[in-house]
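A look at the structure
Listed below, chain by chain, are the residues.
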Amino acid sequence: KARVFKFGNKQADGNGTMRNLLGGKGANLAEMSAIGIPVPPGFTITTEVCTEYNDLGKETVVGYLKDEVTEAVREIEMQMGTKWGDTNNPLLLSVRSGARVSMPGMMDTVLNLGLNDEAVIGLAKKTGNERFAWDSYRRFIQMYAGVVMGMKPESKDDVDPFEEVIDNLKEKRHIELDTQFTVQDLQDLVFDFKDIINKRTGRQFPTDPWEQLWGAVTAVFDSWNGARALYYRKIHGYPADWGTAVNVQAMVFGNMGNDSATGVCFTRDAGSGENVFNGEYLINAQGEDVVAGVRTPQQITKLGSQRWAELAQVSEADRKKEYPSLEEIMPEMYQELDGYQKTLEAHYRDMQDMEFTIQKGKLWILQTRNGKRTGAAMVKIAVDLMKEGVISETEALMRMEPNKLDELLHPVFDTKTINQEDIIAQGLPASPGAATGQVVFFADEAGKYKNTILARIETSPEDLEGINIAKGILTARGGMTSHAAVVARGLGKCCVSGAGAVKIDYKNRKFEVDGRVFQEGDWISLNGSTGNIIDGKVPTKEPELSGEFGEIMALADKYRKMQVRTNADTPKDSKVARTFGAEGIGLTRTEHMFFEGDRIVAMREMILASTEKGRKKALTKLLPMQRGDFEAIFEAMEGLPVTIRLLDPPLHEFIPHQLAAQKEVADQLHISVAAVTSKVAELHEFNPMMGHRGCRLGNTYPEITEMQATAIIEAALNLKKRGVKARPEIMVPLVGTVSEFLEQKRIIQETAEQVFAKRKDRIDYSIGTMIEIPRAALIADKIAAHADFFSFGTNDLTQMTYGYSRDDAGKFLGIYQNKGLLTSDPFEILDQEGVGQLVTMGAERGRATKPNLKVGICGEHGGEPNSVAFCHRNKLNYVSCSPFRVPIARVAAAQAAI
Ligand code: ADP
Ligand code: MG
Ligand code: MG
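Counting from 1, residues in each chain are numbered in the order their sequence is written. Whichever chain is written first is A, and whichever ligand is written first is 1; the rest continue in order. The predicted origin of the model limits local features to residues at a pLDDT of at least 70 and limits the giving and counting of side-chain atom pairs to 80 or more, whereas totals for whole chains, interfaces and linings rest on all residues.

1. As for the overall build of the chain
The criterion, for reference: Working definition: helices are DSSP H or I runs of at least four residues, strands are E runs of at least two. Numbering for both runs from the N terminus. Exposure classes come from backbone-placed C-beta atoms, where a residue is buried if 20 or more other C-beta atoms lie within 10 Å of its own, exposed if 12 or fewer do, and partly exposed in between.
On a plain count of helices and strands, the chain comes out with 34 helices and 32 strands. With respect to the principal axes defined by its C-alpha atoms, the chain has extents near 105 × 60 × 55 Å. By residue count, 48% of the 898 residues in the chain fall in the buried class.

Dropping the structure here:
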């Protein structure tokens, strides 16, 4: 079994398909070499060796490797014409880690291995560049001590001893830049560095190149089990036995003078997706200099350089003189690089992110990989590549990361304009988008300024209207499934939740973060995609649903088998969802309709009534309002199916719990405050989630179901009169026994027949149920005998299967995830292992009774790609999700079907 795979000189032992064995970087280095791209020669020690290393220990594995590595180093020497360990003509090496996926937490690259007090003199002589040689040496000592000898500062606050010495010397010499150091300065630094290492670690800096090399190689293996890597693996669920590979490679130098350079480039624009070659470079620089931001890098292409100059307001004359492109100052090198970028993109059939170095007029490619990109670029690049005939339709679809489509649907910040110091605090990215506005603290004041950010400790259903008006929502408490988050996502409204550092003081209308105070009316901005809370105004731009977006959506529709519906409570949401391609409504929550305007008054009147007669009187007031809502929704959906769920939440949610607000209610309804408070006490439940809610309400107060059924049927008949087809599907929530479903069904049917008789006309409608209590899934075969359709309410189903209260789980879910006790939040990603069994069983048993039973899902999971795939496998007819997740679900359903 080979442990070492060589590459270089247009050959390679491995290739690009061997990611698992060679790691991503190693596989691509091999592939590039094999297709004739000039990569510095080197070799990859496999990921399997990493596992061996962990099992058998350092001595044994180094013993195993010795011959193969020695042989591979000989090969590099031959190709480079230098000698490892030679003092006159030294070969220098880099050691780079590389797992099968790119992973923060792995060891940083060490450059310039092989230097010591003698070799540095040889290198200076050979290159005729003393400064270069000593600069390389001091960088090497610094890097090696940091990453191999454990001298890297642990946190931001610790001082890096080497940087401290550098700063002191700069101060003493009255200079600002590294490049201003003289050879003598660099020699002093080397001396001081070695001294510090010796004092701190009690060890001498290794002078023997082999000792340096084995030290670096084993440090890479050790980093696989370092704390950061372990944590990263845990949260992503990557197994320990993947291991990391080690890439050892001949050094090439971009810092040998003005005929040398180093840079990073992309075959297409990673931000917009535009098909333009672009990137940045620095003359006379090495390694990380380009990204480190010490010097301003220059643009690679002339076009890029001109665009940059326009933004930076640099004149054409100055641009040419001070910031010329590589294309202009090294035209031959540029032509060669342009050739390789074309070759590599065609070869990998995707946008590439490449690193290159020019050493004295010779171009080397150091790395290539599929480039990271924004949602917009993801869509455009895939569609363009498909049109160019490079990839097929199904490949274009499979290139989508469905969740990233969300970025395209919301206003966005120009992130370039945000300064790090303006970020006040960080919360959860609960609902993507960008919002800028003046802070208000009360929902009913959301309209106080033109643009507002509603800041709350937490939100309640009563805040809905305010949430709708505000540009963005900030909460100090609550997780990704908190009320604010769910509502905001549904509305496509930017929301940052659970920002614990934000201390809200309602009384004084201000909030405080780390000593900074923000008053009502102060401007702040929220980035719902990152969770950043930013001081002041940040300009936003409206998203453009470009042509390519439409093309991807059309493709998705061509391949998917499941239908995609939306969860919508208002005509506005319904319309938005239709523009996103919803094929019906899978869930209308009727309770939200009762919070608007003076409806809440009638609703409270109904709840506070002590007799059936009193309740009926109040319900008569609610009936026309509800009918109007349904008419508007049916109309917006024009003949598409609309599933309406009967009232679900416990009644106490509709009555205020503070005395002051209770007084107001009493005044409005002309009853005593005592009557209100005693009703509140009467409705109090120890466990409302499992209390008097769902069909239990409709079965104890049948008049509520009667009113809602009347409103639905009358609305549909009204539309029929106007020539608009309505397809109501009435859904009974929280069913656990057949009899409680049958009782609701009876009430609905009798009500409908009465309306039909009165109106002398009929419409088609169906009656189905939610499957959201585990017992319902268990007896699904019996329920199916009477139900026209099933819809899995996976929010409640998850809550009841785990026994996690949705409203309280925020307190421990985060801790559970950090401790690895849960890999994900089951309210966000459907637990296929457990809760999923109930879905599978419910669908199977239901269809055993009624083979054509229509089955869907309407929980938050309906828009989560993994869960959508699960629904596809279980042959569900549709998924239903919030309007802004409809495009995501369409693509996820297509991917599941491919
Ligand atoms: P990362 O995964 O963080 O990009 P790399 O292994 O690509 O780490 O190395 C970091 C930097 O070191 C790169 O910018 C690259 O240019 C430089 N580098 C790595 N190996 C060599 C080499 N053999 N010759 C010159 N520069 C190198
Ligand atoms: Mg790199
Ligand atoms: Mg429910």
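2. Overview of the pairing of strand 18 (residues 494-497)
The following threshold applies: Should DSSP find at least two bridges between two strands, the strands are taken to pair.
The alternating pattern of strand 18 places Cys 494 and Val 496 and Cys 495 and Ser 497 on opposite faces, both of which are buried. By the bridge criterion, three bridges tie strand 17 (residues 472-475) to strand 18 in an arrangement that is parallel. Of the residues in strand 18, the one forming a bridge with Ile 473 is Cys 495.

3. Focus on the site of ligand 1
Our working rule: Residues are classed as near a molecule or strand if the C-beta position derived from their backbone is within 6 Å of it. Following the grouping adopted for this structure description, the nonpolar residues are Ala, Val, Leu, Ile, Met, Phe, Trp, Tyr, Cys and Pro, the charged ones are Asp, Glu, Lys and Arg, and the polar ones are all others, Gly among them.
The immediate surroundings of ligand 1 are formed by 16 residues, with Ser 94, Arg 96, Thr 109, Gln 249 and Gly 287 found nearest. Across the shell around ligand 1, the residue classes tally to six nonpolar, seven polar and three charged.

4. Thoughts on the UniProt feature "active site" (unreviewed entry) in the chain
Heads up, the rule is: UniProt positions are given in the numbering used here, feature names are shortened, and annotations may be inferred rather than shown by experiment. Note on contacts: each residue gets a C-beta atom placed from the backbone, and two residues are in contact if those atoms are within 7 Å.
Under the feature "active site" (unreviewed entry), the UniProt entry names His 483 and Cys 858. Note that His 483 resides in helix 18 (residues 483-491). Topologically, Cys 858 is positioned in the loop between strand 31 (854-857) and helix 33 (865-873). Apart from the residues within four sequence positions on either side, Cys 858 is in contact with Asn 567, Gly 586, Leu 587, Ser 791, Gly 793 and Ser 880.

5. With respect to unusual backbone geometry
For Asn 112, which is not glycine, the phi dihedral falls at a positive 70 degrees. Inspection of the secondary structure assignment puts Asn 112 in strand 5 (residues 110-113). Looking at Asn 112, the number of C-beta atoms within 10 Å reads 27, which means it is buried. In this model, Leu 734 sits at a positive phi of 55 degrees, which is unusual for a non-glycine residue. A count of 23 C-beta atoms within 10 Å places Leu 734 in the buried class.

6. Let's talk about the nonpolar core
Heads up, the condition is: Think of a nonpolar core as buried Ala, Val, Leu, Ile, Met, Phe, Trp, Tyr and Cys residues chained together by C-beta atoms that fall within 7 Å.
Within the largest apolar cluster, 212 residues are counted, with the highest numbers of intra-cluster contacts made by Ala 382, Ile 552 and Val 879. Aside from chain neighbours lying at most four places away, what touches Val 879 is Met 562, Val 564, Gly 856, Ile 857, Gly 862, Val 868, Cys 871, Ala 889 and Ala 893. Counting 38 residues, the second largest nonpolar core, distinct from the first, contains Val 440, Ile 453, Leu 491 and Val 538.

7. Things to note about the sheet that holds strand 17
How we decide: Between N-to-C directions, angles span 0 to 180 degrees; the directions come from axes that are lines fitted to C-alpha atoms, helices contributing only their stretch in contact.
Spatial ordering of the open sheet is given by 13-23-22-15-16-17-18-14, a layout of eight strands whose pairing is mixed. A strand with exactly one partner marks an edge of an open sheet, and here the two such strands are strand 13 (423-426) and strand 14 (428-431). Strand after strand, the sheet turns through a mean of 30 degrees between neighbouring axes, direction not considered. As defined by bridge partners, strand 16 (residues 452-456) adjoins strand 17 across four bridges and the pair is classed as parallel. Each residue of the ladder has a partner; that of Arg 456, found in strand 17, is Thr 475.

8. Some words on the environment of Ala 145
In this structure, Ala 145 sits in helix 5 (residues 130-147). Its 23 C-beta neighbours within 10 Å are what place Ala 145 among the buried residues. The spatial distance from the C-alpha of Ala 145 to the C-alpha of Ser 574 is 61 Å, given a sequence separation of 429 residues. When sequence neighbours within four positions are dropped, the list of residues in contact with Ala 145 reads Met 151, Ile 197 and Phe 205.

9. Considering the domain arrangement of the chain
Basically, it comes down to this: Those domain boundaries reflect an automatic or database domain assignment.
Here the chain is partitioned into domain 1 (1-114 + 210-251), domain 2 (117-206), domain 3 (261-373), domain 4 (410-541) and domain 5 (560-650 + 685-897). A C-alpha centroid distance of 38 Å is found between domain 3 and domain 4.

10. Looking at the packing of helix 4 (residues 119-127) against helix 5
The line we're drawing: Definitions for this section: a left-handed crossing has its near helix turned counterclockwise from the far helix by less than a right angle. A right-handed crossing has that turn clockwise.
Two numbers describe how helix 4 lies on helix 5: the axes approach to 8 Å, and their chain directions differ by 145 degrees. As for the relative orientation of helix 4 and helix 5, their crossing is right-handed in sense. Every residue of helix 5 that contacts helix 4 at Val 120, Leu 123, Ala 124 and Thr 127 is listed here: Glu 130, Phe 132, Ala 133, Trp 134 and Tyr 137. The residue makeup of the contact of helix 4 with helix 5, split by class, is seven nonpolar, one polar and one charged.

11. Let's talk about the sheet that holds strand 30 (residues 789-792)
If you walk around this closed barrel you meet the eight strands as 25-26-27-28-29-30-31-32, and the pairing is parallel. Neighbouring strand axes in the sheet, compared pairwise and without regard to direction, differ in orientation by 25 degrees on average. With three bridges joining them, strand 29 (residues 766-771) and strand 30 adopt parallel strand pairing. Bridge pairing links Met 770 to Ser 791 in strand 30. Set on the sheet, helix 32 (residues 835-849) makes contact with strand 29, strand 30 and strand 31; between it and strand 30 the angle comes to about 180 degrees.

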